[in-house]
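Coordinate inspection notes
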Amino acid sequence: MSRRKTFSPRKKLALLAASAALVGGTAVVMTGTGQASVVCDGLATALGNNENFIAGQRAEPDAQSEARIANRVAVIEQIKVQQAASGCEAGEGSGGEDAQAGGAPAGGGQAEGGQAGGGAQPPVPPVMEQPPAEEPPAAAEPPTGPGDSDGASEGDGEVVCAGSTVTLSGEAGAPAASSNQFPVGTTLRVTNLDNDKSTTVRVASPSGSCALLNDAAFEQVREPGKFLIRNALIERVRSAGQTG
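Everything in this summary refers to the structure shown in the same document.

Definitions and cut-offs
Residues numbered from 1 in each chain as written. Predicted model: local features only at pLDDT ≥ 70, side-chain atom pairs only at ≥ 80, totals over all residues. Heavy atoms only, no water. Pairing = 2+ DSSP bridges. Helix = DSSP H or I, 4+ residues; strand = E, 2+ residues; numbered from the N terminus. Phe/Tyr/Trp six-rings, centres within 6.5 Å; stacked < 30°, edge-to-face > 60°. Lys NZ or Arg CZ within 6 Å of the ring centre and 35° of its normal. Expected span 1.5 Å × (residues − 1). Buried < 20%, exposed > 50% of the residue type's maximum accessible area, 1.4 Å probe, protein only. Arc of directions from axis to C-beta.

**Focus: the sheet that holds strand β9 (residues 228-229)**
One open sheet holds the eight strands; their spatial order is β3-β10-β6-β7-β5-β8-β4-β9, and the pairing between them is mixed. In the strand order of this sheet, the two ends are held by β3 (158-160) and β9, each with one partner. As paired strands, strand β5 (residues 177-179) and strand β7 (residues 197-206) are joined by three bridges and run parallel to one another. Each bridged residue has a counterpart across the sheet, and for Ala177 the counterpart in β7 is Val203.

**Here's the deal with the packing of aromatic side chains**
Given two aromatic rings, their pairing is described by the distance between the two centres and the angle made by the two planes. This model, assessed by the stated rule, comprises zero aromatic pairs. The ring of Phe53 carries Arg72 above its face, with NZ or CZ at 3.7 Å from the centroid.

**So, helix α2 (residues 65-85)**
Compared with the 30 Å implied by 1.5 Å per residue over 21 residues, the 30 Å span of α2 between its first and last C-alpha is a close match. The complete set of buried residues in α2 reads Ser65, Arg68, Ile69, Asn71, Arg72, Val75, Ile76, Ile79, Gln82 and Gln83. All buried residues of α2 lie within an arc of 155° about the axis, which places them on one face of the element. Turned more than 90 degrees away from the buried face of α2, the exposed residues are Glu66, Val81, Ala84 and Ala85. Backbone geometry just downstream of α2 places Gly87 in the positive-phi region, at approximately 80°.

In structure tokens form, the structure reads like this:
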């Protein structure tokens with residue numbers, strides 16, 4: 001008659017403890033490996049996004065492209081440092097997942113750090129994307145008064161055609177002038193000294209007088225019921241073809 005082999009309660013407890021330790025160790029190794037993979041994938045994605053951003057800036061550059069590219073190059077160098085610290089293949093990018101360059105990698109494994117084979121893996125700080133250089137604010141345009149369509153400030157014109165009178169041409173359209181002394185494109189300021197109203201307009205066509213205003217420009221300086229400015233000040237604000 002065969003005898004069944006039995007274990008004492010103490011041996012049973014020892015066997016259970018050994019099994020639990022084996023299973024737990026396997027789980028730790030698998031968890032640590034998985035977390036390291038998540039970190040590497042996130043860093044590779046961030047690297048690829050920044051590289052795609054730089055490529056886009058180089059393909060369609062603007063005034064701020066150089067500053068943006070310099071920022072992203074610095075971000076890429078930081079990502080490579082983090083890849084090396086995490087045991088990833090440095091410089092390996094995934095090509096990016098979306099249009100947001102430098103997106104933060106997945107967080108699973110960054111906060112925990114993970115353990116493999118009982119050794120503690122140093123935590124990897126999140127990749128921070130440096131914002132692109134601020135766009136320079138557009139230069140503020142000087143305020144313009146009624147009829148000051150060219151935006152020239154008062155006091156910067158050269159007085160011309162002293163003693164000339166100014167009348168209207170009867171032409172429609174946006175405020176403009178015509179002249180027999182200044183070429184098309186010249187900017188003139190006409191001031192009615194009787195009411196201190198002025199308009200700044202460009203010469204759009206030739207005429208038979210120093211400064212002849214069209215209907216819209218004349219309405220900005222006229223006195224009610226009058227069609228002639230006898231006491232006028234005419235200034236050349238900007239020559240034809242001159243900018244600034």
